[in-house]
Structures are given as C-alpha cells and as structure tokens.
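Residues per chain are reported as follows:
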Amino acid sequence: MKNIVPLIRRSLLLAVMGALPVSAQQPGASPVKIYLMLGQSNMEGQGEVAVGYNGAVNPDYTASTPGTLEFITDDANDPAGNYDFLLDGSGDWVIRDDVWVHFDNTRRILNDPTFPINGDLQPGFGPVSPDTIGPELGFGHKMGDFHGEQVLLVKIARGGRSIFGDFRPPSAGPYPEPQALGDDGYLYNKTLTTVEDVTRNFTTYFPSYNGQGYEIAGICWHQGWNDKDRTSLEYRTNMAHLIRDLRRDLAVPDCPFVIATSGMSDYKGIELAQLSMEDPAFYPEFVGNVSVVDTRNETYLGYAYEQDPADSPRSEGFHWNRNARTYLHMGMAMGDAMAALAPPRCPSRLGATGGSASSDLTLNWQNGSETPTSVRILRDGVEIAAAAPV
C-alpha cells in the first residue's frame, strides 16, 4: 500500500474548507466560538450522573452514591454552593442553549440512538448513554460564561486510543492512509473531517444557527492510558507534532491548546511529557499559547482530582474512579486555562505615531477582537480629541 501523509488529501480538504477558522458572518453578529475536545475514554466521559434522561435510570448508582453528579450537587453535600450553576430553580439540570455540543460517537449511537449526539449543553454527553459526563460539562459552562455568546464544543474521542496510533499526527512519520478506527492517524483525520462536516452543516445540527459565522477558538486534550508504555520522549515528540499539525491543518496558528494530564495511577512518564509542553526549556514556541492542568499535584475548589474509591461510584483508577466531581473540575480547570490563553477582547498593546502640531495622530493596537464604538484621546486625563472608528 502506498505511504502518504494522512490528511485525507490535505490540499483538497483545505480547499473545500476554505479559510476554516472564520467563516462569512452576518453583519454585527459574533462568530460561534468552536472548541475541539480530543482524547480517549476519559475525554469521552466516565463520570456518573446517577439518573439519566428519558426515564433511564442506571441501576448501579443512586443519588446517594458518593461521587455521582447528583450526589455532589445535593445541598447537603454542597454547603458552599459550588455547583449551584448546574441546577435551575426547580432543581433540574441547567440546559444552556448558548453552548452547543457535538459528539460524533458510534458507540453512543448504537447504544442509545434516541439520545442526540448534538444539542444544548447539559449532563449526559458521555460515550454510550446519557448517564455520564466528561470534561465538556465544566468546560462548557466556563467558556459560555467567559464569552457571553454562542459556543460550540466538538468532541472527537474514542476509548482505548493512543497518540502513537489513532491520533498519530502526520509529522510523526508517513503511514498508510487510515481507513478505519485502529489505523494510524484515523482520529487525527476524523478531527479534520468532523470540523468540516459540522461547519458545513451548521443548521442541520443546530437549527438556531443564523449564519453568524464561526472561528476555531481552542483545542483541549485529555489522553494517556494507551501510551503509558511509551517513553516520555516519544510521547513528548508526538504531542508537539500534534499541536503543530492541528494548528497548521486547521489554519489557526497559535491556536490556544490546553492539556489535562493523566494524573491518576502511575503515569509519571506520560505526565512529564505532557507537562513539558508549557516548559520554555523544551518548547519556547508554546509559551503563552499552550497550558497544562496538572491533575496530580494541583487541586480545584480544594479537592484533589483523583478521588478515593470510597468517595466514588467505583474503584476504577484508569477512569478516575468514575467520579463526576473529577470530570467536572477537570473541565472547569481547562476552561480557566483556556480563558487565560484567549486573546483579549478589548484593544491592547497600543501604539501611537505622529501627533505633532503638523501631523495626525495614528493609534494602532495589535490585540483585541472587539471594535470600539468610539475612541477618546486623553492627555493627562483631559480629553483632547474623540472620533468614531471608520
């Protein structure tokens, strides 16, 4: 079989997608902010909700099972109100129509074809049923609050997959064009084609989309178990390739990239490789545009990410003991990290030229996504000029 760089004919794909990060939009409308959430089973989501939707009830867990989403959001177990944002005034799960989720997962479709793979953010976007959550729940709430405008989370995750195999980036070396799950590079290509599919069919997946355009705003990564036997150097090299290649093939240079480490069990080599992504001694190019959530040594809201099995639905270390608090906090921490990497919305890095008695003053700013409705120029706090932007 012919060896090629597996980008599904990269030139054709990019030609079809056009300028992928931003599309044509309605005047005055803010583009939908798209975040990709990539990884294996822990990004799919194994945190137990306890009681599902459409009358589905998981017989293994109840609201009194420690570590389920229902347990941690109960008033008696959340006296500080840390999770009040998840519940409405009637005690039902908040459903956010300003944060959409698309999760193209064959296992989920086969297991429960009645539950959508896309819709408004709420608990239940796990891999095989509406009874689990992944990092998307906490992350989606954080980014929805941060932007105050439409957000879309696109999950491309499959259990038991490695960065050496299914997510193998093109720069890690040529390999046969992937045809199916299990082939080198299959999920890397799946990432590109899923983004193309969603953005070309926005109104099919999300009927309330009104043509406001879109932009790829960031990428999240949580994976590691299936690379645990690889060397730290090998994982680090592949991870750096993945970041660079996705930015190139999505046409978003310096796209913010957040990694949550595999901090459970004995993953030290993989963790060190993941932590090195934000270390300027290894990758100075990633400073300020890659952030790592250290799930072994850091805490969130005073809780360790790895919860004791006695405080969790199950003793299952490679799935964070299926603890919903872990997945919720991980997503929230990734949201905090992503917000810190986002370009400022207000003008910043201002510069001025001219302004003498015989010349005009020119103001220039390098960062900021918002256009001011007016500009006032002050000298020592006293306005000397004002104008509306052209």
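Above this text you will find the structure in question.
Throughout, residues of each chain are indexed from 1 in the direction in which the sequence is written. In keeping with the predicted nature of the model, local features appear solely for residues at pLDDT of at least 70, side-chain atom pairs appear and are counted solely at 80 or more, and the whole-chain, interface and lining totals rest on all residues. With hydrogens and water set aside, each side-chain value is computed from the structure's full complement of heavy atoms.

Draft legend 1. The overall build of the protein, seen in detail. Looking only at helices and strands, one finds 10 helices and 17 strands in the protein. As displayed, the protein has an accessible area near 17,100 Å², and 51% of this comes from carbon and sulfur atoms. Strands here are runs of E lasting at least two residues and helices are runs of H or I lasting at least four, both read from the DSSP assignment and numbered beginning at the N terminus. The protein chains shown are the only cover counted for residues, whose accessible areas, like all others here, come from Shrake-Rupley with a 1.4 Å probe.

Draft legend 2. Examining the nonpolar core more closely. By size, the foremost hydrophobic cluster in this structure holds 41 residues, and its most contacted members are Trp221, Met239, Phe257 and Met277. Only heavy atoms matter for contacts: two residues are in contact if any of them lie within 4.5 Å across the pair. The contact partners of Met239, leaving out residues within four places of it in the chain, are Ile163, Trp221, Phe257, Ile259 and Met277. We define the nonpolar core as a collection of buried residues of types Ala, Val, Leu, Ile, Met, Phe, Trp, Tyr and Cys that are connected through side-chain atoms lying within 4.5 Å of one another. Throughout this description, buried means an accessible area under 20% of the type-specific maximum (1.4 Å probe, protein chains only), exposed means over 50%, and partly exposed covers the range between. Membership of the second largest hydrophobic core comes to 39 residues, among which are Val151, Met264, Val293 and Met332.

Draft legend 3. Inspection of helix α9 (residues 268-275) at higher detail. Every buried residue of α9 is accounted for by Ile270, Glu271, Ala273 and Gln274. Taken end-on, α9 shows its buried residues confined to a sector of 160°, consistent with a single buried face. Its buried side turned inward, α9 meets α8 (232-249), β10 (257-260) and β11 (290-293). This arc is taken over the directions from the axis of the helix to the C-beta atoms.

Draft legend 4. Geometry of the environment of Tyr300. Note on placement: Tyr300 falls in strand β12 (residues 299-300). Remark: the alpha-carbon pair of Tyr300 and Met332, spanning 32 residues in sequence, is separated by 8.6 Å. With sequence-adjacent residues up to four places away left out, Tyr300 is seen in contact with Lys142, Tyr305, His329, Met332, Ala333 and Asp336. Polar contact is the term for a pair of N or O atoms within 3.5 Å; when the atoms are in protein, one must be able to donate a hydrogen and the other to accept it, and sequence-neighboring residues count only if both atoms are side-chain atoms. There is a polar contact of 3.4 Å between the side chain of Tyr300 and the side chain of Lys142.

Draft legend 5. Seen up close, the packing of helix α6 (residues 186-200) against α8. Note on geometry: axes are C-alpha line fits, over the in-contact stretch for helices, and angles between N-to-C directions span 0 to 180 degrees. Relative orientation of the contacting elements α6 and α8 amounts to 30°, with a least axis distance of 11 Å. When the axis of α6 is compared with that of α8, the two are roughly parallel. Crossing handedness for the pair α6 and α8: right-handed. Packed against α6, whose contacting residues are Tyr188, Thr191 and Leu192, the element α8 presents Leu242, Asp245, Leu246 and Asp249 at the interface. Amino acids are sorted into nonpolar (Ala, Val, Leu, Ile, Met, Phe, Trp, Tyr, Cys and Pro), charged (Asp, Glu, Lys and Arg) and polar (every other residue, Gly among them). Within the contact of α6 with α8, the residues separate by chemical class into four nonpolar, one polar and two charged. In what follows, roughly perpendicular refers to angles from 65 to 115 degrees, roughly parallel to angles under 35, roughly antiparallel to angles over 145, and oblique to any angle outside these ranges. Crossing handedness is defined as follows: a turn of the near helix away from the far one that is anticlockwise and smaller than a right angle gives a left-handed crossing, while the clockwise case is right-handed.

Draft legend 6. How the structure looks around the environment of Ile216. On the secondary structure map, Ile216 appears in strand β9 (residues 214-222). The exposure class of Ile216 is buried, given its relative accessible area of 5%. Taking the C-alpha atoms as reference, Ile216 lies 4.8 Å from Ile34; in sequence the two are 182 residues apart.

Draft legend 7. A look at the pattern of salt bridges. Every case where a carboxyl oxygen of Asp or Glu lies within 4 Å of a side-chain nitrogen of Lys or Arg is listed as a salt bridge. Throughout the structure, instances matching the rule amount to 14 salt bridges. Of the charged contacts, one joins Glu149 and Lys33 as a salt bridge, the two residues approaching to 2.4 Å between their closest N and O atoms. Highlighted residues: Glu149 in the loop between α5 (136-147) and β7 (151-157) and Lys33 in strand β2 (residues 32-39), separated in sequence by 116 residues. Measuring nitrogen to oxygen at the nearest pair gives 3.3 Å for the salt bridge that ties Arg248 to Asp245. With Arg248 and Asp245 both in helix α8, this residue pair falls three residues apart, about one helical turn. You can call Arg248 partly exposed: its relative accessible area is 37%.

Draft legend 8. Main features of the pairing of β11. Burial along β11 is two-sided: the face carrying Val290 and Val292 and the face carrying Ser291 and Val293 are both buried. Sheet analysis places β10 next to β11, joined by four bridges and oriented parallel. The residue of β11 that forms the bridge with Val258 is Ser291. Here the rule is simple: two strands pair whenever DSSP picks up at least two bridges between them.

Draft legend 9. Molecular detail of the sheet that holds β7. What the seven strands build is an open sheet, ordered β5-β4-β7-β2-β9-β10-β11; its pairing is mixed. Each having just a single partner strand, β5 (118-121) and β11 make up the two edges of the open sheet. Here the strands of the sheet are splayed against their neighbours by 25° on average, with no regard to which way each runs. Of the pairings in the sheet, the one linking strand β4 (residues 96-103) to β5 comprises four bridges and is antiparallel in character. Across the sheet, residue Arg96 finds its bridge partner in β5, namely Leu121.

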